[in-house]
Amino acid sequence: MPEQLTRRNLLKAATVISAVSAVGLTACSSSSTPQATASPVASPTLPKTVSNAEEAGQLVLQYAKYGASIGSYAIAGALIHNATGNVIGAVASNVLFAIQNRVNQFLDQAVTSGSNESFPFDPTAHGERQLTYWYFENRKKLNLPDPQDITLVTSLDPCAMCTGTVLAAGFNVGVFAIDPFAGINFNSTGTFVDLPEPLRAQAKRRFGYYGTQGGRAYVGGPSVAFSGTLANQSTLDDCYSVYKASSDNVLASRKGSDTDPSQLVDPATNPQAAAVISAYQQACPSAFSIKLANYRQPTPALHALLKKLRDTTPGAKSAAAYVDPFGNVLSAFADSMATDPVATALQNVIQAYSQTRFNLTNSSSTHDIALKSLTSAKYGTFVFLNAPSPRVATSFADLGAYGSTVGTKAPVLDPSPFQYFEPPLSGTVSELRKVIAAMPPLYSQLVAINPQPVR
Ligand SMILES: [Zn+2]
């Protein structure tokens, strides 16, 4: 069950981080070695209730700083019950409450000879995305309020992936800092020209940008928690400045993780890579079951695998796969939206590929072979059974997830690394291209997503 696998990993890791944070803090504090990363911050103590925008801002700011302290980006969010101001997880559960970004994480010092080196963990592990997972995992068990009665408060404007996710989930969203590069309100107007209808109308109702003392006025819908209160301008400024500083720190501390494929050895034909193969097969039963002669030319066998995954996963509508630069299919899943309305096939694929790679790199016994065999998913090919649907929130989230996974300027390649066997389940590919062209600069300009049919 892919959704159980990936969510279990996310939640397990989050719990472990909370549990060990005090120990990590002590170890880092006593080290005399200058750190390329942000100063360690204690795992924040969470208030169970907040009563205005400023308190909500302080809450997510503290968790954002915590994100930087584990080697990731200083961005974080929390779920607030509109009627009571309760921080949802803090009241309902003692395990998980507000969540920081975990796109990168420090590797275990046993594999880095004691230095702080961060490594990509999961490009989909943004705070909003993880909070949404947690919500649907716990909604029934903890009798949580309905999404429309909750505000997801976030330190930084949601990216395309998180926007599609929270719109699909139905939360209100309260935002502090603007992100002019990847944020859905990148032009600060609150008009959401980068969203297709009907998502644009929904965002105007559900999103809100907090006003500040002496600064901007509140812009957004009426049902966002604390929309009638002001935050301090310094809180908003801090949300942005800690994020910017963390980006520099991630770059400075990141272990080389974008190895050019010409420097890699094919794990499928390398006897030393048995542990890589078995780890992927544990994460995804069909891993290494297909090898393409050309990694950019998906075959009828891959088409058949994706259809089989869709047809054998209850409630699934589509499927997707990741093919590495040697043509190995490393990760292939159907969507699991019958149990979690935001668990798309693509995001299941990205999570299984990335988290497995991190775990292999983070273990002494497999560290070296993982670095020799695996690289950034931007070098491989993503293959969809159906192209994303242009007006559907979860498809918009997928465009965002792909953009976050590639993350850097990509040459225009033909064939494209973003291919599909069949048309969208609703809408057309030409509409999809228009949606992509209107997205924030990260997606429309830097990554320049280019959907192409399999030839
Ligand atoms: Zn995001």
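Further up the page is the structure itself.
Because the structure is a prediction, the values reported are computed rather than measured. Note that residues are indexed from 1 along each chain, following the sequence as it is written. In keeping with the predicted nature of the model, local features appear solely for residues at pLDDT of at least 70, side-chain atom pairs appear and are counted solely at 80 or more, and the whole-chain, interface and lining totals rest on all residues. Here the side-chain values reflect all heavy atoms present in the structure, with hydrogen atoms and water set aside.

J.: Looking at this structure, how should I read the coordination of the zinc ion?
T.: Six octahedral donors around a metal ideally make angles of 90 or 180 degrees; four tetrahedral donors ideally make 109.5 degrees. Sites may look incomplete, because water is not among the atoms used; the donor set itself consists of N, O and S atoms within 2.8 Å of the metal (3.2 Å for Na, K and Ca). The zinc ion binds to the protein through His126 (ND1), Cys159 (SG) and Cys162 (SG), with metal-donor distances spanning 2.0 to 2.3 Å. All donor residues of the zinc ion come from one chain, and their arrangement in sequence is H-x32-C-x2-C. Here the residue His126 occupies a position in the loop between strand E4 (118-120) and helix H4 (127-138), and Cys159 occupies one in the loop between strand E5 (150-156) and helix H5 (160-169), the gap between them amounting to 33 residues. Classification of residues uses two cut-offs on accessible area relative to the type maximum, computed with a 1.4 Å probe and protein chains only: under 20% is buried, over 50% is exposed, and between them is partly exposed. Using a relative accessible area of 8% as the deciding quantity, one classes Cys159 as buried. Elements are defined by DSSP. Helices are runs of H or I of four residues or more, strands are runs of E of two residues or more, and each kind is numbered from the N terminus.

J.: Help me understand the side chain of Thr375, please; the structure alone is not making it clear to me.
T.: With respect to the helices and strands, Thr375 occurs in the loop between helix H11 (367-373) and strand E11 (381-386). For the purposes of these results, a polar contact is taken to be a pair of N or O atoms within 3.5 Å, where, inside protein, one atom must be able to donate a hydrogen and its partner to accept one; residues adjacent in sequence count only when each atom of the pair is a side-chain atom. Within the local environment of Thr375, its side chain forms a polar contact with the backbone oxygen of Thr259, the two atoms lying 2.7 Å apart. Among residues more than four places away in sequence, those in contact with Thr375 are Ser257, Asp258, Thr259, Leu264, Pro325, Tyr353 and Arg357. When checking whether two residues touch, look at their non-hydrogen atoms; a contact exists if any pair is within 4.5 Å.

J.: I would appreciate a short explanation of the sheet that holds strand E13 (residues 452-453) in the present structure.
T.: Sheet strands associate in pairs through backbone hydrogen bonding, adopting either a parallel or an antiparallel arrangement. In this description, strands pair whenever DSSP reports at least two bridges between them. Across the sheet, five strands lie side by side as E10-E9-E11-E12-E13; this open sheet has mixed pairing. Each edge of the open sheet carries a strand with a single partner, namely strand E10 (329-334) and E13. Here E11 runs beside strand E12 (residues 418-422); their pairing, made up of four bridges, is parallel. Looking across to E12, one finds that Phe384 is bridged to Tyr420. Angles shown run from 0 to 180 degrees and are taken between the N-to-C directions of axes, each axis being a line fitted to C-alpha atoms and, for helices, limited to the stretch in contact. In this fold helix H10 (residues 345-361) packs onto strand E9 (319-323), E10 and E11, with an angle of close to 145 degrees to the strand it touches most, E10.

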